[in-house]
Amino acid sequence: MNKLKWGVIGCGGIADRRTLPGMMLSEGSELIAVMDVNPDFAEKCKEKYKAKYAFTDYRELLALDEIEAVYIASPVFCHKEQAIAAAKAKKHILLEKPMGLSVADSEEIIAVCESEGVKLGTGFMMRFHAYHQAIKQVIAEGKIGDIVSMRAQFTCWYPEMQNCWRQDKTLSGGGALMDMGIHCIDLLQYLSGLQAVECVGFAQNQTFNYSADDSASVLMKMNNGSLAYVDANFNIPDAAAKCPLEIYGTKGSIIAIGTLSQVEGGHVEILACPEAKGYDAQQDRSLVEPVELEVEFGNMYTKEIDAFADAIRNGSEPPVSGKGTLSVQKIIEAVYTSNGNLTKLN
């Protein structure tokens, strides 16, 4: 197998913490160059991951002919410029979420990638969690019937810090909803196979004084008539958070705790009920024993890298494509724009 040769733009943060270690486990990938605006950090990453080159200017990285694909994990305000430059340099792009500061920026990135004939994937790595893959299969097999309600919550504790771009809405595009809730919205649509057609939500600051939201809630009406709820917070202590994922259907339910994470783990219970015969006035909830879903854990980031590399080798659409995930950013932008008013989605 020919290894896909990668460059990484923005090698700090999530790249150094998760994606680069995952890339190192990929048998079909080879890291050629890293880039960071901090020269010391770029050099440290070069040595740590045994790359050939380290740069402080992404244009120097893109000028390398041997690089076939780039992973862009820089701050969101850099995404549009860097992704368009990468597309024009004929590099395939795995772009961290959110794609851009706005839907318009994201649409422009998608259009340029299409015109330049390069693949564009987005960094929704939680789709590759072993539990989430298994949950998707359970739903597709009809084991919990028709979906009637879904909920996901993803949170962290993110206090005020100096020079923190994620807390400045002009640099991040948004706060808890854009950074955390985006995974929940994507997962609920992906796992269920449903699409949101209407949404209403609130994004606000309850605890901290930065310009990005520290708490947000979204209610979506899906195209089968079911409702889906998403909560995202920067103001819940990590030790106090369970980050539940719940999916309810006419024949059962799926309850996941701790699967919304940067590391595969947690646990999942399925309650699959026999066909209901009629109304039970006793509402007995002890008739069915929960079954714990069993999976083999791996590395979400390795699987994400491998799936993107396979799409390039096979000439197929990336499994988590830019165009395929644009609807998620449209929902988030609708909430930020309307903030309390119902929005019909195209």
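Each value, and the rule that gives it
Residues numbered from 1 in each chain as written. Predicted model: local features only at pLDDT ≥ 70, side-chain atom pairs only at ≥ 80, totals over all residues. Heavy atoms only, no water. Helix = DSSP H or I, 4+ residues; strand = E, 2+ residues; numbered from the N terminus. Rg over C-alpha atoms; globule rule 2.2 N^0.38 Å. Contact = heavy atoms within 4.5 Å. Areas by Shrake-Rupley, 256 points an atom, 1.4 Å probe, with all protein chains shown as cover. Lys, Arg positive; Asp, Glu negative; His and termini not counted. Charge placed at Lys NZ, Arg CZ, Asp CG, Glu CD. Axes fitted to C-alpha atoms, helices over the stretch in contact; angles between N-to-C directions. Parallel < 35°, antiparallel > 145°, perpendicular 65-115°, else oblique. Left-handed = near helix turned anticlockwise from the far one by under 90°. Buried < 20%, exposed > 50% of the residue type's maximum accessible area, 1.4 Å probe, protein only. Polar contact = N/O pair within 3.5 Å; in protein donor to acceptor, adjacent residues only side chain to side chain. 1 Å grid on protein atoms, 1.4 Å probe; cavity = no way out; pocket = protein on both sides within 12 Å on 5 of 7 lines; lining within 4 Å. Points joined across faces, edges and corners; volume = space filled by probe spheres on them. Nonpolar A, V, L, I, M, F, W, Y, C, P; charged D, E, K, R; others polar. Pairing = 2+ DSSP bridges. Phe/Tyr/Trp six-rings, centres within 6.5 Å; stacked < 30°, edge-to-face > 60°. Lys NZ or Arg CZ within 6 Å of the ring centre and 35° of its normal.

(A) Region of the structure containing the overall build of the protein. The secondary structure content of the protein amounts to 10 helices and 15 strands. Radius of gyration (C-alpha) of the protein: 21 Å, near the 20 Å computed for a compact globule of 346 residues. When its C-alpha atoms are laid out on the principal axes, the protein stretches across 70 × 45 × 40 Å. Of the contacts formed within the protein by residues at least 6 apart in sequence, a portion of 69% connects residues at least 24 apart. Just so you have it, the protein exposes about 15,800 Å², and 50% of that area is on carbon and sulfur atoms. Of note, the protein has its 32 positive side-chain charges centred 3 Å away from the centre of its 45 negative side-chain charges.

(B) Region of interest: the packing of helix 8 (residues 176-192) against helix 10 (residues 322-338). The geometry of helix 8 relative to helix 10 is characterised by a closest axis approach of 9 Å and an angle of 130 degrees between their N-to-C directions. Compared by their axis directions, helix 8 and helix 10 come out oblique. By crossing handedness, the relation of helix 8 to helix 10 is classed as right-handed. Residues Leu177, Met178, Ile182, Ile185, Asp186 and Gln189 of helix 8 form the contact with helix 10, whose own contacting residues are Thr325, Ser327, Val328, Gln329, Ile331, Ile332, Val335 and Tyr336.

(C) Representation of the side chain of serine 26. Tracing the backbone through its elements, the reader meets serine 26 in the loop between helix 1 (13-24) and strand 2 (29-35). A relative accessible area of 4% means that serine 26 is categorised as buried. Of the polar contacts made by the side chain of serine 26, one reaches the side chain of serine 29; its length is 3.2 Å. Each residue touching serine 26, except ones within four places of it in the same chain, is listed here: Thr302, Ile305 and Asp306.

(D) Examining empty space enclosed by the protein more closely. What the rule picks out here adds up to 2 cavities of 30 Å³ or more. Taken as a whole, the largest cavity holds about 50 Å³ of empty space. Together, Leu94, Gly121, Thr122, Phe128, Glu304, Phe308, Pro318, Pro319 and Val320 line the largest cavity. At the level of secondary structure, the elements contributing two or more residues to the lining of the largest cavity comprise strand 6 (120-122) and helix 9 (300-314). When its residues are assigned to classes, the lining of the largest cavity shows 6 nonpolar, 2 polar and 1 charged. Lining the second largest cavity, in full, are Lys97, Pro98, Met99, Thr122, Phe124, Thr325 and Gln329. A breakdown of the residues in the lining of the second largest cavity according to their chemical character gives 3 nonpolar, 3 polar and 1 charged.

(E) The sheet that holds strand 7 (residues 147-155), seen in detail. Reading across the sheet, the 9 strands line up as 14-13-12-11-7-10-9-8-15 and stay open at both edges, with mixed pairing between neighbours. Two strands lie at the open edges of the sheet, namely strand 14 (291-292) and strand 15 (343-344), each paired on one side alone. Sheet topology places strand 13 (residues 267-272) next to strand 14; 2 bridges connect them, and they run antiparallel. What sits directly across from isoleucine 270, in strand 14, is valine 291. Contacting strand 8 (196-204), strand 9 (215-222) and strand 15, helix 10 crosses the sheet at an angle of about 50 degrees to strand 8.

(F) The arrangement of the sheet that holds strand 2 in detail. With parallel pairing, the 6 strands of this open sheet are ordered in space as 3-2-1-4-5-6. The sheet is open, and its two borders are formed by strand 3 (53-55) and strand 6, each paired with just one other strand. Between one strand and the next, the sheet's axes are offset by a mean angle of 25 degrees, whatever the strand orientation. One ladder, built from 6 bridges, connects strand 1 (residues 4-9) with strand 2; its direction is parallel. From the neighbouring strand, valine 8 faces strand 2, where its bridge partner is valine 34.

(G) Highlighting the packing of aromatic side chains. Counted under the stated rule, the structure contains 6 aromatic pairs. Summarising the aromatic geometry, the rings of tyrosine 131 and phenylalanine 297 are spaced 5.4 Å apart at their centres and angled 80 degrees between planes, so their arrangement reads as edge-to-face. One end of the pair, tyrosine 131, is in helix 6 (residues 130-140); the other, phenylalanine 297, is in the loop between strand 14 and helix 9, with 166 residues separating them in the sequence. Ring-pair connections join several aromatic residues into one group, and the members of that group are Trp157, Phe208 and Tyr210. One cation-aromatic arrangement involves lysine 136 over tyrosine 190; the distance from NZ or CZ to the ring centre is 4.4 Å. Positioned above the aromatic ring of tyrosine 336 is the side chain of lysine 169, whose terminal nitrogen or guanidinium carbon lies 4.3 Å from the ring centre.

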